[in-house]
Structure formats: C-alpha cells, structure tokens
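Chain residues, written in single-letter form:
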Amino acid sequence: MGKFYFDIADYVVFSGMLLVSAITGIYYGCRSRYCKSEEGSDLKEYLTGNKSMQAFPVAMSLVASYISGVTILGTPAEIYNFGTQYWFIAFSIWFSGAIVAYVYLPVFCKLQVNSSYEYLEMRFSREVRMLASVLFVMDEIMFLPIVIYVPSLAFNQVTGIDVHLIGSVVCFICIFYTVIGGLKAVVYSDTWQIIVMFISVIVLVILGTIAIGGPSVVWNRSGAGGRLIFNNFNLSMYERHTVYGVVTGGVIFWTAFNGVNQTMVQRYLSLPNEKESKKSVLMFTVGVSLFVSLCVYSGLLVFATYHKCDPMTAGRITQDDQLLPLYVMETVGHLRGVPGLFIAGVFGAALSSLSVVLNATSAVVLEDFVKGCLRISITEKNATHLVKIVILVLGAMSMGFVFVVERMGGVLVMATSLSAIAAGTTFGVFTLGMVIPWSSSIGAITGAVAGAALSGTISFGGQYSMASGNIVLHKLPVNVDLCEADYGITPNVTVINYPDESHIFALFRISYHWITPIGILTTVVVGAIVSLVTGKTDLARLDPELISPVVQFLLPPEAQRFAGTATSAIRNRLRNAEDAALMQEVSSSINLGEVQGPSR
C-alpha cells in the first residue's frame, strides 16, 4: 500500500469518532421523553424529533444522506480517470435545490405526512403507495452493505485489519445509537460526523497542495495531462461526461433524490415550519456543492502527484477507489493522526449515511407496510418497539450482505442499476401526482411500470455490455515514465484495444447521466397519456393541497371546497385504527387481571 501505516495516534483519532457516535445515541436516547416516561414510548419524538429540530443540524444531516465513503473515494477517482467535466454537477445541485424548495417541499410541509409515500395513497391509491415503498426498501437494502464495505476496504488497506471485523464493529455502533437515540441521535451524530469529514478533506487538500508545491503545480500538471475539461458541449448522449449530460442528468437525479425520497422528507418535516425547511435545503445545497468541489480538487491533486507513474498500471493498486487512500498514506502518512483523521472522515460519512437509511427505512416499514398496506392496528408503544426491531434486522442484514458484496462484483452493478430505476420511477410518480393534476391511479401505475422497464433495460443492458467486454470505458491516458525511477517498478503496460461499439443496442451505450431522466420522462409521459385515455381525475373534486403551488392555477375555483379532504380521510382512518388498538390492549389487560385474580 505504501510506506506509512496507522500508528497509535491514528487509532486514537478513529476510535474517538466511534466513541462520540455511541455517546451521542445514549445522550439523546436518555434525554428524550420516550426514555424517561413510565407510560411508554413517544413515537413522534423518535421518528421526527417532535418537529423541534433546528435548520443547521438538519441541513448537515441532509448532506449526510448523500455524502458517503463512496463519494469521498469515488469522486477523486472519477476526476483522475475522466477529467473535470464532472465538476458541473455542482451547478446541478443549485438548480435542484430551487426546484425542491418551491415545487415539492411545500406539498409535504402542508400535508405533514409520516412517510413521503403516504402522499401517493392520498393522491392515487394504496397500490401506488406500495409500489413506491417496495422500490425504496429494495434500493436501500442493496445500498447499505456498499456503504459499509467501501470504507472498510480503505481501512483494511491502511491498517491490515480484516474488512469484516471493522465493518461489523462500525455497523454495530451505528445500529446502537440509531436504535437508542432515534432521529435526534441520527441528526446530531450526522452533524459532527459531517464536520469531521469536511475537516479531514480540507486538511488533506491543504497539506497535499503544500507538499506538491502549490495550486499552480496541480493545475499545470492536470492541464498537461488532459484532465482540465470544461468545454465539452457535445450533444451526444453516448459520451460519459458532457456539459448537457452532467447538468441535465444531475439536476433531475438530485431533484429525484432530494425532493421525494423518504430519507430527505423525514428530515424536512422534523423542522417546525416550511421556512425552516427551505433554509435547511439552502444550507444543504451550499454544503454538498462545496464538498463535491473539494473531492474534485482532490482528484486533480492525486493526478498531479502520480502524473508520471499511474498506480493502477504499475500494479500498486487494483481498484480505482484505492487511489485516494494510497495518496493519503504516501503524502501525509508521516504526520501522526492525519491518516486517522482522514479515515475517520470516510467512516463518519459512512456512519451518517447508514444511520439515515436505517431510520428512514424503519419509518417506511411502519407507516407504509404495517399501517398502510396491511392495515394493522398498532399502539404507539408497540410501533416504537417495531421500528427498533426493524433497525436491528436491517443492520444485521447489512453486515451479512458485506460478505456477498465482497465476493460478487455483480451485486455492485445490481445496486447501482436498481438505484437508478427506483429513483427515476418513484420521482416520476410523485411528479405525476403533484404537477400533472389530471393524472389518475391507473396512469400512475402504468407510467411507473413503463419507466421502470425502460430504465431497467438501459441500466442492466449497459452493465451487462461492459461486463462482457463489448463496451469499454474510455479513460483518459496515463503516464508511467518515472515508475522505475521513483518506485523501482517496471510496469507491464498493455495497449487497450477498444472494441467497435456501433453494433451495440443504442440505449445500452448512453451515459449513466441519462438513465434517470429517461425513466422519469417515460413515467410522466406514459402516465399522463394513459390518464387521459382511461379517465382523468376530476379536477373540480381534487384536493388542491395535493398539487404543487406552481401548477395550482390549473385547478378550477370549486376545487377549493375539497381542500384538506384527502389528508382528513387518511388521518381519521389512522386515528380510528390506533384508538381500536389501544382499546383492545386495555381490554386484554383487564381480562388478564380478572383471570389472575387480585394480588396480595
């Protein structure tokens, strides 16, 4: 791996990060009412923090929803291999934030749903709600083990500790504070973990830039190596990164993820009002765009360091994600504690992503599957127990699937593909509901099936074509002239013969940036057309609270008479079910007391 390895200072820094995470869970768990109360749990506080959260910690938790160890390690590798065109994703994030704040967020703030997918039952039907919920849970189950495995692999490289051991320890600590502390523990743990992550990358960038001789050296070497690409305005959808592809695909993907995904909506609604929610979106946008920019610069820094000896060609690493850990150990490995800080940042990002997903997925299981689909009446106390059990089960599954991810590379491909399918399809259905007033339940289901089928075909077809060697990624050229002089390595340089891809089905060759937009567009267009053909929704009887403010002008004036009716219907059903469950529990307790007789 390199000359330097973890010493005691690095282990102390890394262990400190894990310890503070555990303490955070204990603190917020025992501070909350549901821990102190003798009467039982307070589910609202556990899942939403009683809607008393503050904008900054929630914004940092939102950043944590996106930033993971995969981002920290993968973005520099992307820049190293394909150039800076990807940097345009920072502009996409700003456009996306504005769309989320003014098109989708107001609807959720008005309805105050417990699960974002509850909206789909209000707007369409229970079947549509379940379809989106199933896609979400499947996507997160595939995502969780990757979040654990990637940083564990990096830790293994710098310490030699077994991947499964460190992954299990970190996952256990995350499960612990998520179960004990609920949303507050998740949000506040995410906040300081994200701060640690920012600090670790900033320290790395500063020290690395000083070591190499300044920003001008980084810029000049990157330019000479062909990594500075900002003007690719090619309209082709086949190129990996173009201005149009990165910006268009980035805006739509980020809006799909930030606008309707339960991991995000749950945090938006933990704030007291819409103004605070919009403020958190703004902070989130600033934070993510800055962090992505730092990761892009890190990629240039790595390239400038190895511009005369590519580590992959020299056989010093075997995977692209190992580039940054190699750079860290060889550049700042002699500074005690700095490698530990960097790995702590990588794992902090992983922990925050993991806790967010565990908390959000448990809420979806309770609200959408137990209450929404199965119509099971459950008391608040039992619901809280159920949520905690779900977190434990999901955490255990995540640790188990790490073994699968390690041995089956196809799982990584499947997870990536499923994420694109789930994001595009689900967001398309929400867009139908909020932006296309005449869309119906039949149109939503038909559009979702069509969107999932097309995006799935593109995604899996493209991945299969790459796995079979019919499509080979065109990485930018690298140099190995000084490998022998600097490292005593004589690289085995092989000339890549790129195959003729003209015979490959056109959709299999398009850039990954276009998969989500195509899925969303298909879902919306097919859904809108089918709704018109099979019987569109009566706009005069449509609850205007279900429609985004930007298109409410399309509704007739008489629709205002039905404002709030969809929400009231769902809330009354849930309230009646909870009352029935409580009465049943009280009745069972009374009957049990009668059978046992009076106590002495």
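As a convention, each chain's residues are numbered from 1 in the sequence order in which they are written. Only residues with pLDDT of at least 70 are given local features in this predicted model, and only at 80 or more are side-chain atom pairs given and counted; all residues enter the totals for whole chains, interfaces and linings. Note that the side-chain values use all heavy atoms of the structure and ignore hydrogens as well as water.

An unreviewed UniProt entry annotates the protein chain as Sodium-coupled monocarboxylate transporter 1 of Photinus pyralis. UniProt positions are given in the numbering used here, feature names are shortened, and annotations may be inferred rather than shown by experiment. The UniProt entry for the protein chain carries the following comment under Subcellular location (unreviewed entry): "Cell membrane". The Sequence similarities (unreviewed entry) comment attached to the protein chain in UniProt states, word for word, "Belongs to the sodium:solute symporter (SSF) (TC 2.A.21) family."

Engineer: For the state of the cysteines, give the residues involved together with the corresponding values.
Structural biologist: Sulfur atoms of two cysteines make up a disulfide when they are within 2.5 Å. As enumerated under the stated definition, the model contains 1 disulfide in all. In this model C309 forms its disulfide with C483; the gap between the sulfur atoms is 2.0 Å. Judged by the sign of its S-S torsion, about 105°, the bond between C309 and C483 is right-handed. Here the residue C309 occupies a position in the loop between α13 (274–305) and α14 (323–332), and C483 occupies one in helix α19 (residues 483–487), the gap between them amounting to 174 residues. One exposure class covers both C309 and C483, and it is buried. Residue C171 stays outside any disulfide, its sulfur separated by 6.4 Å from that of C174, the closest cysteine. In DSSP terms, a helix is any run of H or I states spanning at least four residues, a strand is any run of E spanning at least two, and both are numbered starting from the N terminus. Think of it in three bands: residues with accessible area under 20% of the maximum for their type are buried, residues over 50% are exposed, and the middle band is partly exposed, with areas taken using a 1.4 Å probe on protein chains only.

Engineer: Any chance you could break down the packing of aromatic side chains for me, citing the residues and the numbers?
Structural biologist: Aromatic ring pairs are reported here in terms of the distance separating the ring centres and the angle at which the planes meet. In summary, the pairing rule links any two rings of Phe, Tyr or Trp, Trp by its six-membered ring, whose centres are within 6.5 Å, and it sorts them by plane angle into stacked for under 30 degrees, edge-to-face for over 60 and tilted for everything else. Under the counting rule described, the total for this entry stands at 14 aromatic pairs. Residues F505 and F508 carry aromatic rings whose centres are separated by 5.1 Å and whose planes lie at 85° to one another, so their mutual orientation is edge-to-face. Judged by its relative accessible area of 46%, F505 falls in the partly exposed class. For F508, a relative accessible area of 24% corresponds to the partly exposed category. The positively charged end of R316 is found above the aromatic ring belonging to Y487, 4.0 Å away from the centroid. The ring of Y238 is capped by R509, whose NZ or CZ atom sits 4.3 Å from the centre of that ring. For a Lys NZ or an Arg CZ to count as sitting over a ring, it must be within 6 Å of the ring centre and within 35 degrees of the ring normal.

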